[in-house]
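# Geometric and topological summary
Listed below, chain by chain, are the residues.
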There are 2 protein chains.
Amino acid sequence: MVERASRERRRGSTGERPQRDRSALAHPRNPYGGAKALSDDEVEHIHRTALAQLEQQGVKVLLQEARALFAGAGAQVDEDTFMVRIGADLAETLLSTIPSEFVLHARNPEHSLHIGGDSVVFFPVGGPPYASSRETGRHPGTLADYRDFTRLTQRSDVLHAVMPTVEAQDVPLNLRHLHTIHTALVDSDKPATLFARGHGPVAEQFELVRLGHGLTHEEFLARPHCWTNINTNSPRQLDIPMSMGIIDFARAGQMVIMTPFTLAGAMAPVTLAGALLLQHLEAVAALCLAQIVRPGAPVAYGAFTSNVEMRSGAPAFGTPESMRAAIASGQLARRIGVPLRSQASSTSPTADAQGAYETMTSLMGALLGGTHIVMHSAGWQEGGLTASFEKFVLDVEALEIVVEGLRPVLVDDAELALDALAEVAPGGHFFGTAHTMARFETAFHEPSLFTRQNIGQWTEEGSLDATARASRLHQRWLDEYVQPPMPADHRAALDDYLARRVAAGGSMPES
Amino acid sequence: MVERASRERRRGSTGERPQRDRSALAHPRNPYGGAKALSDDEVEHIHRTALAQLEQQGVKVLLQEARALFAGAGAQVDEDTFMVRIGADLAETLLSTIPSEFVLHARNPEHSLHIGGDSVVFFPVGGPPYASSRETGRHPGTLADYRDFTRLTQRSDVLHAVMPTVEAQDVPLNLRHLHTIHTALVDSDKPATLFARGHGPVAEQFELVRLGHGLTHEEFLARPHCWTNINTNSPRQLDIPMSMGIIDFARAGQMVIMTPFTLAGAMAPVTLAGALLLQHLEAVAALCLAQIVRPGAPVAYGAFTSNVEMRSGAPAFGTPESMRAAIASGQLARRIGVPLRSQASSTSPTADAQGAYETMTSLMGALLGGTHIVMHSAGWQEGGLTASFEKFVLDVEALEIVVEGLRPVLVDDAELALDALAEVAPGGHFFGTAHTMARFETAFHEPSLFTRQNIGQWTEEGSLDATARASRLHQRWLDEYVQPPMPADHRAALDDYLARRVAAGGSMPES
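On a predicted model such as this, the values are computed, not experimentally measured, just so you know.

Below, the discussion takes up the overall build of chain A. Counting its regular elements, chain A contains 20 helices and 20 strands. Since a compact globule built from 511 residues should have a radius of gyration of about 24 Å, the 24 Å found for chain A is in line with a globular shape. If one aligns the C-alpha atoms of chain A with their principal axes, the spans along those axes are about 80 × 60 × 45 Å. Per-residue burial for chain A yields a buried fraction of 64% across its 511 residues. The long-range share in chain A, meaning contacts at least 24 apart out of those at least 6 apart in sequence, stands at 76%. The averaged location of the 59 negative side-chain charges in chain A is 1 Å from the averaged location of its 43 positive side-chain charges.

Residue and element names in this part refer to chain B. The sheet built from four strands is open, its strands ordered S8-S7-S20-S19 with mixed pairing. The sheet is open, and its two edges are formed by strand S8 (137-140) and strand S19 (380-381), each paired on a single side. Alignment of strand S7 (residues 130-133) against S8, held across four bridges, turns out to be antiparallel. Looking at S8, one finds that Ser133 is bridged to Gly137. Helix H14 (residues 389-405) rests against S7, S19 and strand S20 (386-388) of the sheet, and its axis sits at about 60 degrees to S20.

Counting residues at the interface gives 109 residues for chain B, matched by 110 residues for chain A. Carbon and sulfur atoms supply 69% of the area buried between chain B and chain A, which totals about 9,300 Å² over both sides. It is B:Tyr357, B:Phe444 and B:Arg452 in chain B that bury the most area against chain A; as a group they hold 9% of the surface buried on that side. One can count four salt bridges joining chain B with chain A. Between the two partners, chain B and chain A, sit 30 residue pairs in polar contact (both at pLDDT 80 or more). For the side of chain B that touches chain A, the class distribution of residues is 59 nonpolar, 26 polar and 24 charged.

This next bit is on the side chain of A:Gln254. All names here are of chain A. Among the secondary structure elements, Gln254 is positioned in the loop between helix H10 (240-251) and strand S12 (255-259). Classification of Gln254 by relative accessible area gives buried; the value is 0%. There is a polar contact of 3.2 Å between the side chain of Gln254 and the backbone nitrogen of Cys226. Filtering out sequence-adjacent residues up to four positions away, Gln254 remains in contact with Phe206, Phe220, Arg223, Pro224, His225, Cys226, Phe249 and Pro298.

This paragraph deals with unusual backbone geometry. With an omega of 0 degrees, the peptide bond running from A:Ser234 to A:Pro235 counts as cis. Inspection of the secondary structure puts A:Pro235 in the loop between strand S10 (226-231) and strand S11 (237-238). One non-glycine residue, A:Arg236, lies in the positive phi region at around 55 degrees. Structurally, A:Arg236 can be placed in the loop between S10 and S11. Taking the relative accessible area as the measure of exposure, A:Arg236 reaches 6% and is therefore buried. Although it is not a glycine, B:Ser463 sits at a positive phi angle of roughly 50 degrees. With respect to the secondary-structure elements, B:Ser463 resides in the loop between helix H18 (455-460) and helix H19 (466-480). Judged by its relative accessible area of 32%, B:Ser463 falls in the partly exposed class.

Residue and element names in this part refer to chain A. The contact between helix H3 (residues 40-56) and helix H5 (residues 88-95) brings their axes to 8 Å, and the two run at 115 degrees. Of H5, the residues touching H3 (which contributes His47, Arg48, Leu51 and Glu55) are Ala88, Ala91, Glu92 and Leu95. Classifying every residue of the contact of H3 with H5 gives four nonpolar, one polar and three charged.

All right, on to the side chain of B:Ser329 then. Residue and element names in this part refer to chain B. Within the secondary structure, Ser329 is located in helix H12 (residues 320-336). By relative accessible area, which is 0% here, Ser329 ends up buried. Polar contacts involving the side chain of Ser329 include one to the side chain of Gln279, which spans 3.0 Å. Polar side-chain contacts of Ser329 include one of 2.7 Å to the backbone oxygen of Ala325. Excluding anything up to four places from it in sequence, Ser329 contacts Leu276, Gln279, Tyr301, Ala303 and Leu340.

Pairing between the strands of a sheet comes from backbone hydrogen bonds, and it takes one of two forms, parallel or antiparallel. If you walk across this open sheet you meet the three strands as S13-S15-S16 (chain A), and the pairing is mixed. On the outer flanks of this sheet lie strand S13 (263-264) and strand S16 (314-316) of chain A, each paired with one strand and no other.

About the thresholds
- As a convention, each chain's residues are numbered from 1 in the sequence order in which they are written.
- Starting at A for chains and at 1 for ligands, labels are handed out in the order in which the entities are written.
- It should be noted that, the model being predicted, local features are given only for residues of pLDDT at least 70 and side-chain atom pairs only at 80 or more, the latter also being counted only at that level, while totals for whole chains, interfaces and linings use all residues.
- For side-chain calculations, the full set of non-hydrogen atoms in the structure is used, while hydrogens and water are omitted.
- Each helix corresponds to a stretch of at least 4 residues labelled H or I by DSSP, and each strand to a stretch of at least 2 residues labelled E; elements are numbered beginning at the N terminus.
- As defined in this context, the radius of gyration uses C-alpha atoms, and a globule is described by 2.2 Å times the residue total to the power 0.38.
- Accessibility here uses a 1.4 Å probe with only protein chains present; expressed as a share of the type maximum, an area under 20% marks a residue as buried, one over 50% as exposed, and anything in between as partly exposed.
- Only heavy atoms enter the contact rule, under which two residues are in contact if any of them lie within 4.5 Å.
- For the purpose of counting charges, residues Lys and Arg are taken to be positive, whereas Asp and Glu are taken to be negative. His and the chain ends are not included.
- Think of each charge as sitting on NZ of Lys, CZ of Arg, CG of Asp or CD of Glu.
- Paired strands, as defined in this entry, are two strands with at least two bridges between them according to DSSP.
- What counts as an axis is a line fitted to C-alpha atoms, over the stretch in contact for a helix, and the angles between N-to-C directions run from 0 to 180 degrees.
- Joining two parts hides part of their accessible area as seen by a 1.4 Å probe, and the buried area is that hidden amount summed over both.
- For this document, the term salt bridge refers to a Lys or Arg side-chain nitrogen within 4 Å of an Asp or Glu carboxyl oxygen.
- Any pair of N or O atoms that falls within 3.5 Å is considered a polar contact. Within protein, one atom must be able to donate a hydrogen and the other to accept it, and sequence-neighbouring residues count only if both atoms are side-chain atoms.
- Three classes are used: nonpolar for Ala, Val, Leu, Ile, Met, Phe, Trp, Tyr, Cys and Pro, charged for Asp, Glu, Lys and Arg, and polar for all others, with Gly counted as polar.

The structure is reproduced here in structure tokens:
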């Protein structure tokens with residue numbers, strides 16, 4: 001219903017024209033995810049070597065609570081060095097409790113997400129300190145920017161969760177998580193992404209999600225309604241807030257993605273195999289902690305391996321190395337039966353052709369790798385320092401096209417068009433056939449931003465390139481935005497909780 | 001040698017820095033080409049239905065010489081209606097003589113191309129009447145534009161043949177093929193693409209290729225040194241120059257690609273399955289003609305199926321429909337064991353992000369489909385009406401990245417970096433390890449055009465987007481261009497033949 005309403009809003013509700021079914025965008029499937037950048041033997045070798053490294057060298061865990069959990073499960077813990085060594089058999093046992101598929105529940109059930117299998121979902125940019133648009137320029141992110149990105153996410157059929165698109169730097173740290181997640185819950189009915197920055201802020205965000213979804217405490221804990229991303233401190237270290245995050249989310253049965261920060265040449269070896277080995281080792285350690293806390297906790301394997309620019313040490317995205325790593329990561333995640341997260345990201349400092357090529361290169365790697373959650377796939381610019389409104393709109397348009405392009409070709413008598421083929425003479429055309437007339441309005445995907453004007457029309461309208469048109473379209477999308485309905489009692493409870501926590505000073509994140 | 005010289009030219013020959021091996025760009029492999037948009041049963045059904053249509057409805061062949069060849073091979077020919085009906089058994093017999101892999105020979109053996117298997121080659125834009133650059137604007141193509149594109153092609157490791165990048169409209173039609181192919185042979189040592197526009201112009205171009213390569217007549221005919229593309233007049237018609245082209249190229253043992261012009265909604269049914277059925281039927285008919293002329297003639301299956309914009313009837317490229325069609329076409333070509341040609345093309349009227357997304361979308365379809373020859377993959381703009389210098393440079397950069405991204409991940413003890421992993425403490429970094437120091441200069445692909453500058457540096461240098469930088473880079477590449485060597489006697493014979501044919505008035509193309 002929401003989907004249909006959204007379509008009518010865009011097209012006008014008078015029904016003057018048949019509408020193409022856009023449901024494939026809401027629940028995309030990727031049939032092309034089984035690619036192999038490694039032989040099966042090499043996958044096995046990397047997995048075995050990672051387990052051996054975990055057993056012999058181990059990982060450093062800075063949070064005592066986490067070390068105690070590892071020790072309780074049978075890992076070797078050194079309380080002087082903080083090193084945790086996990087036996088290979090123990091690791092395999094813990095990995096075996098990970099669900100290979102599950103549902104991430106949205107407050108609107110139509111927006112609940114199947115994670116795993118041949119499903120693929122797309123989440124927009126997350127994390128940048130800066131926002132950018134042609135109108136405002138590049139500036140420190142604000143709560144208003146976060147709200148606008150949330151609304152654009154809600155409006156875009158091909159985006160499936162609300163991300164921390166940009167840091168709301170105008171809100172103090174102790175209150176930021178409260179205001180952003182309140183906004184995410186009110187302005188969208190898609191699953192929300194939380195930051196895991198300590199027990200206090202996480203507990204407050206969980207309560208917001210529970211109230212916004214109208215759940216009892218038991219209902220909240222029974223299945224995942226929100227999620228977070230955990231980055232390790234590569235190499236081989238789990239810091240305090242991240243360890244807390246794993247514990248908090250696993251304990252509450254909420255989804256947690258373990259993403260080693262393995263940038264080859266900096267925090268990881270300069271060789272891809274070495275970076276992937278480190279990624280796998282760290283991911284397994286973090287996944288084990290979640291399964292110790294709650295066997296069966298919904299988790300995913302994060303593949304972020306890319307490379308740095310060796311002259312500057314700056315991370316680079318959309319590189320050939322990141323594409324190869326994403327494909328290989330798919331094999332490693334499948335080896336242990338865990339859903340895969342990777343990303344479609346770019347290095348370009350502006351919303352130009354370079355950014356488009358880079359995003360598409362990493363998207364190609366993500367899809368070939370069988371990624372289930374493609375993060376950062378709309379609006380990620382400048383290596384993740386900026387969330388760009390123009391790039392957001394450009395990427396949404398591209399994602400819709402690619403998702404449509406993943407659909408199989410339907411073959412039946414009507415689709416084979418035998419009558420039309422018999423009807424049209426050699427050298428003729430199909431414009432007027434009954435077969436065409438019955439289908440032409442809905443046969444093809446129609447772009448929103450990409451132009452098919454001829455050069456004359458395009459020049460007359462000002463020769464605007466796609467980025468300039470995206471700048472206009474993002475404003476129109478915001479103007480057309482409609483807030484999704486929320487029961488009044490849920491909204492009241494949500495607002496009341498926000499007001500009380502703000503009055504109490506919120507919670508400072510761990511550092 | 002040429003490859004090494006080319007690298008030294010770009011970097012300076014003082015050898016101050018180790019160079020990354022770029023040989024993967026000259027002979028790329030695609031391990032990801034087996035994707036399926038159709039079930040195996042559906043492939044079989046489309047193939048069988050196409051053969052049944054060829055047997056029952058047939059195709060219209062406008063050239064009497066071609067109809068006679070079909071009749072001689074056992075097809076049913078109606079000389080009143082020009083319809084040729086090919087029995088299914090006859091078609092299968094003729095298809096069985098097609099080589100699934102072969103070599104297209106360049107005058108520089110290092111640039112000879114393996115066609116088929118898991119090889120993939122990239123050819124730039126072909127056919128536009130207009131050229132465009134920021135400096136000159138959009139203008140009717142000239143021989144100077146053609147020469148510049150030829151030089152850029154020669155210079156780009158990831159481009160593998162010289163295409164008719166742009167029509168040299170300043171050269172009269174009767175002489176155009178002579179001047180362009182002379183330029184292609186002198187300014188490049190990669191295989192040349194000829195237009196098949198009648199027996200006369202083709203014979204002259206063959207002679208230019210023979211002389212430029214320094215071959216006897218027997219050597220020329222013994223293996224393919226050049227090639228052409230044949231478009232059918234969809235639906236179900238082969239016109240006179242195209243039929244002549246098939247005969248001329250097959251007779252001379254030169255490569256010919258059969259590309260039905262099946263734009264869904266216009267010259268083909270509005271449904272993809274119908275358009276693919278028509279494409280397959282027409283491709284099979286054209287392939288049969290080539291095999292009648294010369295069993296074993298080197299041919300390829302052209303997959304051009306895309307859709308039109310239904311409001312205007314204009315062709316659209318980089319669409320989801322073209323991506324799906326390319327993947328399905330790969331299955332149909334594999335069904336009959338014929339190398340596949342498709343393309344990476346775009347609709348955008350300018351070298352912007354839209355063009356980049358569209359090119360990458362169709363490139364994704366081409367690679368998933370196991371395309372062996374990716375035509376139009378650099379510089380194709382405005383639905384093929386314009387060859388853009390900026391887009392050419394942008395696309396070359398993107399192709400290099402994607403080709404590098406197709407490489408498997410190497411796994412051995414050195415690549416796994418076990419020593420480095422043991423050496424770096426948890427939370428440390430790999431910048432200074434011996435493992436990194438030994439590799440950092442060549443570990444990663446380095447872009448030529450795409451910037452990894454931080455926002456400060458980039459702003460200081462003028463905030464140039466990738467298209468603006470491409471405009472500068474295309475001039476630098478032309479300035480750095482070095483003509484490949486050609487034996488003096490070959491060059492003299494080539495120049496002499498050109499002069500004589502020009503003096504004699506060349507040959508008018510068939511219309």
